[in-house]
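What the coordinates show
Here are the chains, one letter per residue:
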Amino acid sequence: MNSLNRRGFLRAAAGGGMLTTVLTARESATTTTPTPADLDRRICGLLIGSAVGDALGGPIEFQDPAAIQRLPDPPHHWLPDERIDAAARSATAARLRLRSYQTLRPVPESYGQWNVNSPAGTITDDTRHKLVLLHALREAERRGTWPFGQREMARAFL
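To keep things clear, this report deals only with the structure shown in the data block. Fair warning: this is a prediction, and the values are worked out from it, not measured in the lab.

What counts, and at which threshold
- Residues numbered from 1 in each chain as written.
- Predicted model: local features only at pLDDT ≥ 70, side-chain atom pairs only at ≥ 80, totals over all residues.
- Heavy atoms only, no water.
- Helix = DSSP H or I, 4+ residues; strand = E, 2+ residues; numbered from the N terminus.
- Buried < 20%, exposed > 50% of the residue type's maximum accessible area, 1.4 Å probe, protein only.
- Contact = heavy atoms within 4.5 Å.
- Areas by Shrake-Rupley, 256 points an atom, 1.4 Å probe, with all protein chains shown as cover.
- Salt bridge = Lys/Arg side-chain N within 4 Å of Asp/Glu carboxyl O.
- Phe/Tyr/Trp six-rings, centres within 6.5 Å; stacked < 30°, edge-to-face > 60°.

Points about the overall build of the protein chain
What the protein chain contains, in helices and strands, is 8 helices and 0 strands. Order of helices (α) and strands (β) in the protein chain, N terminus to C terminus: α-α-α-α-α-α-α-α. Of all 158 residues assigned to the protein chain, the portion counted as buried reaches 17%. Across the protein chain, the fraction of contacts at a sequence separation of at least 24, relative to all contacts at a separation of at least 6, is 37%. When the accessible surface of the protein chain is summed, it comes to about 11800 Å², and 61% of that surface belongs to carbon and sulfur atoms.

What about the pattern of salt bridges?
Under the definition given, this model contains 6 salt bridges. Between D73 and R97 there is a salt bridge; the shortest N-O distance is 3.4 Å. In this pair, D73 is assigned in the loop between α4 (65-69) and α5 (86-95) and R97 in the loop between α5 and α6 (101-104), connecting sequence segments 24 residues apart. In this structure R97 comes out as partly exposed when scored by relative accessible area, which is 36%. Of the charged contacts in the structure, one is a salt bridge between E109 and R105, with a shortest N-O distance of 2.6 Å. For E109, a relative accessible area of 23% gives the class partly exposed. Three or more residues joined by partner-sharing salt bridges are found here, namely E61, R105 and E109.

Let's talk about the packing of aromatic side chains
Each aromatic ring pair is summarised here by two numbers: the centre-to-centre distance and the angle between the ring planes. One pass over the full model with this rule turns up 2 aromatic pairs. The interplanar angle of 90° and the centroid separation of 5.2 Å between the aromatic rings of F62 and Y111 together place this pair among those described as edge-to-face. In this pair, F62 is assigned in the loop between α3 (36-57) and α4 and Y111 in the loop between α6 and α7 (125-143), connecting sequence segments 49 residues apart. Its relative accessible area of 63% is what places F62 among the exposed residues.

What to know about unusual backbone geometry
Of note, the amide linkage connecting W146 to P147 takes the cis form, showing an omega dihedral of 5°. Positionally, P147 belongs in the loop between α7 and α8 (150-157). In the Ramachandran plot, F62 falls in the positive-phi region, its phi being about 65° despite a non-glycine side chain. Of note, the phi angle at N117 is positive, near 50°, even though the residue is not glycine. You can see N117 is positioned in the loop between α6 and α7. By relative accessible area, which is 35% here, N117 ends up partly exposed.

Following this line, the structure appears as structure tokens:
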């Protein structure tokens, strides 16, 4: 069975007609094929943003939401219908804090920080896994050892 994206599902459900015409016109007006340089920038932005988010959220990850809201300068608790406008972006930027693990999560965890009393900005397993994967892929490319598989990934973790 083919999986369908939202537009594909709507086209199939509509069985053609006006909805298909509108979706096709909108899709062709907004869809472009990214260049390799665009993809590189997007991937880099994704990885950097992910690492920053990991460093910001690591100390409060898996914590009780009520306890998090009692922290000094707690992160904003977003409601499902809230929109992020310019004012909300500014307020969010003003609240961003690299929090210390010392009081929030002093004990190392396999899915969190690996050191006792890790300093603010320490990444968790989320970013470590990405770094290991990128290193393994870089090594496979450097050595010309494709295809890349489970054994190579296990070696990278070891």
